[in-house]
Amino acid sequence: MLKLDNHASGRHFLHIPGPSPVPPRVLRAISYQTIDHRGPEFGAFGLKVLDGIKKIFKTEQPVIIYSGSGTGSWEGALVNVLNPGDKVLFYETGQFANLWRGLAQRLGLDVEVVGKVGQDTWRWGVDASVIEERLRKDTQHEIKAVCVVHNETSSGVTSDIAAVRKAIDSLKHPALLLVDSVSGIGSVDYEHDRWGADVTISGSQKGLMLPPGIGFNALSPRAIEASKRSKFPKSYLAWDEILESNKTGYWPTTPSTNLLYGLHEAMDMIMAEGLDNVFARHQRLAAACREAVNAWGLENQCQDQECYSPVLTCIATPEGMDADVLRKNALEKFNLSLGVGLGKLKGKAFRIGHLGDCNELSLMAAISGVEMSLGSMGYKPKASGVVAAQEFLK
Ligand SMILES: *Cc1c(COP(=O)(O)O)cnc(C)c1O
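Residues numbered from 1 in each chain as written. Predicted model: local features only at pLDDT ≥ 70, side-chain atom pairs only at ≥ 80, totals over all residues. Heavy atoms only, no water.

### What to know about the packing of helix H10 (residues 275–296) against helix H12 (residues 360–376)
Helices that pack against each other are described as a pair by the angle of their axes relative to one another and the distance between those axes. Selection criterion: In this analysis, axes come from line fits to C-alpha atoms, helices being fitted only over the stretch in contact, and the angle between any two N-to-C directions falls in the range 0 to 180 degrees. The helix count covers DSSP runs of H or I at least four residues long, the strand count covers runs of E at least two residues long, and both are numbered beginning at the N terminus. Here the angle decides the label: under 35 degrees means roughly parallel, over 145 means roughly antiparallel, 65 to 115 means roughly perpendicular, and every other value means oblique. Helix crossings are classified by the rotation of the near helix relative to the far one: an anticlockwise turn of less than a right angle makes the crossing left-handed, while a clockwise turn makes it right-handed. Residues are treated as being in contact if the distance between any of their heavy atoms lies within 4.5 Å. All residues other than Ala, Val, Leu, Ile, Met, Phe, Trp, Tyr, Cys, Pro, Asp, Glu, Lys and Arg, Gly among them, are scored as polar; the first ten of these are nonpolar and the last four charged.
Where H10 contacts H12, the axes come no closer than 10 Å and their chain directions differ by 20 degrees. Accordingly, the angle class assigned to the pair H10 and H12 is roughly parallel. As for the relative orientation of H10 and H12, their crossing is right-handed in sense. The segment H10 lies against H12, with Arg284, Leu285, Ala288, Cys289, Ala292 and Trp296 engaging Glu360, Leu363, Ile367, Val370, Glu371 and Leu374. Counted by class, the contact of H10 with H12 contains nine nonpolar, no polar and three charged residues.

### Some thoughts on the pattern of salt bridges
What counts is decided by this rule: The term salt bridge refers to a side-chain nitrogen of Lys or Arg lying within 4 Å of a carboxyl oxygen of Asp or Glu. For every residue, the accessible area (1.4 Å probe, protein chains only) is compared with the maximum for its type, and the residue is labelled buried under 20%, exposed over 50%, or partly exposed between those bounds.
As enumerated under the stated definition, the model contains 24 salt bridges in all. We note a salt bridge from Asp51 to Lys55, for which the minimum N-O separation is 3.0 Å. In this pair, Asp51 and Lys55 are both assigned in helix H2 (residues 40–57), four residues apart and thus about one turn of the helix distant. For Lys55, a relative accessible area of 45% corresponds to the partly exposed category. Here Asp198 and Arg222 are joined by a salt bridge, their closest N and O atoms 3.8 Å apart. In this pair, Asp198 is assigned in the loop between strand E8 (176–180) and strand E9 (199–203) and Arg222 in helix H7 (residues 221–229), connecting sequence segments 24 residues apart. Given the relative accessible area of 4%, Asp198 is considered buried. For Arg222, a relative accessible area of 37% corresponds to the partly exposed category. Several salt bridges converge on common partners, so that one network encompasses Lys87, Asp110, Glu112 and Arg134.

### Some words on the domain arrangement of the protein
Using the following cut-off: Residue ranges labeled as domains rest on an automatic or database domain assignment. Put simply, buried area is the surface a 1.4 Å probe can reach on two separate parts but cannot reach once they are joined, added for both.
The domains assigned to the protein are domain 1 (13–21 + 274–393) and domain 2 (24–271). A straight line from the C-alpha centre of domain 1 to that of domain 2 covers 27 Å. On the side of domain 2, 30 residues touch domain 1, which itself brings 32 residues to the contact. Between domain 1 and domain 2, the buried area comes to about 2,600 Å², and carbon and sulfur atoms account for 60% of it. On the domain 1 side of the interface with domain 2, the three residues burying the most area are Leu275, Phe279 and Gln301, jointly 22% of the side's total. For the interface between domain 1 and domain 2, the tally reads two salt bridges. Among the salt bridges present, the one from Lys344 reaches Asp120, with a minimum N-O distance of 3.2 Å. Where the side of domain 1 that touches domain 2 is concerned, the elements lending two or more residues are H10, strand E11 (299–300) and strand E12 (312–316). In terms of residues, the side of domain 1 that touches domain 2 owes the most to one element, H10, which gives five residues. Taken together, the residues of the side of domain 1 that touches domain 2 break down into 16 nonpolar, ten polar and six charged.

### Description of the site of the ligand
Short version of the rule: Consider each residue's heavy atoms; a residue with any of them within 4 Å of a molecule or strand counts as near. By the criterion applied in these results, polar contacts are pairs of N or O atoms within 3.5 Å in which, for protein atoms, one can donate a hydrogen and the other can accept it, and in which residues neighboring in sequence qualify only through two side-chain atoms. Accessibility throughout is a Shrake-Rupley quantity obtained with a 1.4 Å probe, and a residue counts as covered only by protein chains that appear here.
Around the ligand, the structure places Ser69, Gly70, Thr71, Trp74, Phe96, Asn151, Thr153, Asp180, Val182, Ser183, Gln205 and Lys206. Take Ser69: an N or O atom from its side chain is 2.7 Å from an oxygen atom of the ligand. In the complex, 87% of the free accessible area of the ligand, which totals 380 Å², lies under the protein chains. Counting residues per element, the shell around the ligand draws most heavily on helix H3 (residues 70–81), at three residues. Of the residues that constitute the shell around the ligand, the class distribution is three nonpolar, seven polar and two charged.

### Regarding the environment of Lys234
Structurally, Lys234 is set in the loop between H7 and helix H8 (239–246). With 121 residues separating them in the primary sequence, Lys234 and Leu355 have C-alpha atoms 34 Å apart. Setting aside its immediate chain neighbours within four residues, Lys234 contacts Val79 and Asn80. There is a polar contact of 2.9 Å between the side chain of Lys234 and the backbone oxygen of Val79. Engagement of the side chain of Lys234 in a polar contact is seen with the backbone oxygen of Phe232, the distance being 3.0 Å.

### As for H8
To keep things clear, this is the line we draw: It is the directions from the helix axis to the C-beta atoms whose arc is reported.
For H8, every residue scored as buried is listed here: Trp239, Ile242, Ser245 and Asn246. For H8, the buried positions fall inside an angular range of 135 degrees around the axis, keeping them on one side. Residues Asp240, Glu241 and Glu244 are exposed on H8 and point more than 90 degrees away from its buried face.

### Details of helix H4 (residues 95–106)
Threshold: Any helix carries an expected span of 1.5 Å times its number of residues minus one.
Compared with the 16 Å implied by 1.5 Å per residue over twelve residues, the 16 Å span of H4 between its first and last C-alpha is a close match. Residues Gln95, Phe96, Ala97, Asn98, Trp100, Leu103 and Ala104 constitute the buried set of H4.

Right under this line is the structure:
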């Protein structure tokens, strides 16, 4: 047996913002026997999954399910709706926006980046007026797509996607709106149709409580139209054959059968709790986490009160304290995994994930682990974060 956990007893506290803990029910579903992906049983099952996932994205349109990851689904979105050399506008909210932009550059797209004016753009939600001003100058409609990250996992900032759509529409600009909600879907409200996203990109291992291994592209009629004109070379990621096969509940290639069992189960759990209740639970846990951060006297990476992420909290370590040493202490002493500071936040910040299969007491364990780790490094908090979060939650 593979041994990955060096603690003799108790469970591991996985509080990184994805992969998130996989509930036992989902693990059991994944362990069902793999069936024939061309057999009669599979088609009925496939249709159920393809229908169920639409409710999660709040769309009537098709949702593509890839065997892959969030990154593969970023690529899927770009190569299906764009043409080589197209101009694409990226809004920088953090490291994930940057990684997606880097992928676009490698594909040969002509990338332009905007961000919050006069501020550290990694600390604020998307300012739709910045996108509006840029598009206003684009009288020739050279910009073919606007790319934004809904829940920026590197900084703990959640942006208003409907506002971006409104900005594009106010100018009658034809640019497509491509949205990364890899860490948002299943944890924070997302309305693909109503907010007017053309492609929404997601993955399995964050709010959907699955292991890594599947990715999503939710489509719009305009995205499907654009895909018919796209000249990007593609095959595995191309939507046309997948959409055709999906009509009867199948895939052109072998899908991740067991992960789809897990997805079916996870969607069942989310729908039984109720999407709104799931979102409210995340908001409540995130608010409790922020109470702890304030009590510690530490700084939240997100400066935008309207945009605090319900999925994770990114916390700056005090001057002189290496966030990676803090994380190492938390793991070795308390069996608690915290998220790393990504990109320019490396060593300067850590992240507490409170997404997916998380409740009050699992959050309290994480907060307690952080508080003890801070203490073990000689940090004297202003007040106890554990007590502050408890006061809030009780
Ligand atoms: C995790 C994540 C990704 C990347 O997904 P992978 O599954 O690691 O490829 C992209 N965007 C955001 C916002 C993420 O949180």
